[in-house]
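In case you want the letters, here they are:
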Amino acid sequence: MMSSRAGERGQVAVYAVLLFPMLMLVLSLVLAVGTIEGLRARIGAQLDLAALTATQALDVQVLARGGPPTLIVPMADELAREYLARNLAALGDELGSSPAAIAQSAEVVVSNAPGTDPITGVLDTAPTLSIRIRVPARVPLLGLAGLAPTVELTLTGSAAARS
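Here Pro-140 is to be found in the loop between strand 4 (128-138) and helix 6 (141-144). When the C-alpha atoms of Pro-140 and Leu-29 are compared, they prove to be 11 Å apart, with 111 residues separating the residues in sequence.

What follows is the structure, given as structure tokens:
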């Protein structure tokens, strides 16, 4: 009986040595995915708020004459980019590019006429501002898995001006 188990001695140690790195790899990937999703949610919120802030660029003269809400296109574009850059700055070193560069490279569409939004594909019935950004995000935990530590997130946000 003793001789049949003699060849199995130390197998638990071998399993532990082989499985521990695999478990650490899986754990680092789970944490990396959580980090990416958390970052995506925070950037998405900043993007939606930038679009909402830009809808304040209403043409007051048209409203005073009793006309429908109309966005002033250059002002709305500038407000969206400025607000986005200021709020992305709070993310600090999690971004792979400067907040100002991300905001300047954003695709901003201001539409006063009803129709289909070219960014979101949604039917617009009110003046709408939509933004699409590509954000390089740093996720150092991906480096532990042998992957590139920077991923590019593409996010969209929009807001409509209603009276």
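Read on for the rest.
Another aspect to go through is the pairing of strand 1 (residues 107-111). In terms of residue burial, strand 1 counts as a mostly covered element, since 4 of its 5 residues are buried. Two elements, strand 1 and strand 4, share 5 bridges in a ladder whose sense is antiparallel. Counterpart to Val-110 in the pairing with strand 4 is Leu-129.

A side chain of one charge can pair with a side chain of the opposite charge if their charged atoms are brought near each other. A full pass over the atoms with the stated rule returns 5 salt bridges. Between Arg-42 and Glu-94 there is a salt bridge, with its nearest N and O atoms 2.8 Å apart. Here Arg-42, found in helix 2 (residues 11-54), pairs with Glu-94, found in the loop between helix 4 (73-88) and helix 5 (99-104); they are 52 residues apart in sequence, far enough to count as distant.

Before going further, it helps to spend a moment on the pairing of strand 4. Each regular strand carries side chains that alternate between the two faces of the sheet. With 8 of 11 residues buried, strand 4 lies mostly within the body of the structure. The pairing of strand 4 with strand 5 (residues 150-160) spans 11 bridges and is antiparallel. Bridge pairing links Thr-128 to Ala-160 in strand 5.

The next subject is helix 2. Here helix 2 is 44 residues long and its end C-alpha atoms lie 64 Å apart, about the 64 Å a rise of 1.5 Å per residue gives. By the largest-angle criterion, Leu-19 marks the main kink of helix 2, which is about 30°, and a proline, Pro-21, follows within four residues. By the burial criterion, the buried members of helix 2 are Ser-28, Ala-32, Ile-36, Leu-39, Ile-43, Gly-44, Gln-46, Leu-47, Ala-50, Ala-51, Thr-53 and Ala-54. In the core, the buried residues of helix 2 are packed alongside helix 4, strand 4, helix 6 and strand 5.

With respect to the helices, strands and loops of the structure, Ser-28 is situated in helix 2. Leave out the neighbours within four places in its chain, and Ser-28 touches Leu-141 and Leu-144.

With that settled, consider the nonpolar core. Nonpolar side chains in soluble globular proteins generally cluster together in the buried interior. If you look at the biggest cluster of nonpolar residues, it comprises 33 residues, and the most contacted ones within it are Ile-43, Leu-84, Leu-129, Ile-131 and Ile-133. Within the residue set of this core, elements represented by two or more residues are helix 2, helix 4, helix 5, strand 1, strand 4 and strand 5. At 8 residues, helix 2 tops the list of elements feeding residues into this core. In contact with Leu-84, other than residues within four places in its own chain, are Gln-46, Leu-47, Ala-50, Ala-103, Ala-106 and Ile-133.

Calculation criteria
Residues numbered from 1 in each chain as written. Predicted model: local features only at pLDDT ≥ 70, side-chain atom pairs only at ≥ 80, totals over all residues. Heavy atoms only, no water. Helix = DSSP H or I, 4+ residues; strand = E, 2+ residues; numbered from the N terminus. Buried < 20%, exposed > 50% of the residue type's maximum accessible area, 1.4 Å probe, protein only. Pairing = 2+ DSSP bridges. Salt bridge = Lys/Arg side-chain N within 4 Å of Asp/Glu carboxyl O. Expected span 1.5 Å × (residues − 1). Bend = angle between axes of the 7 residues up to and from the residue. Contact = heavy atoms within 4.5 Å. Core = buried A, V, L, I, M, F, W, Y, C linked by side-chain atoms within 4.5 Å.

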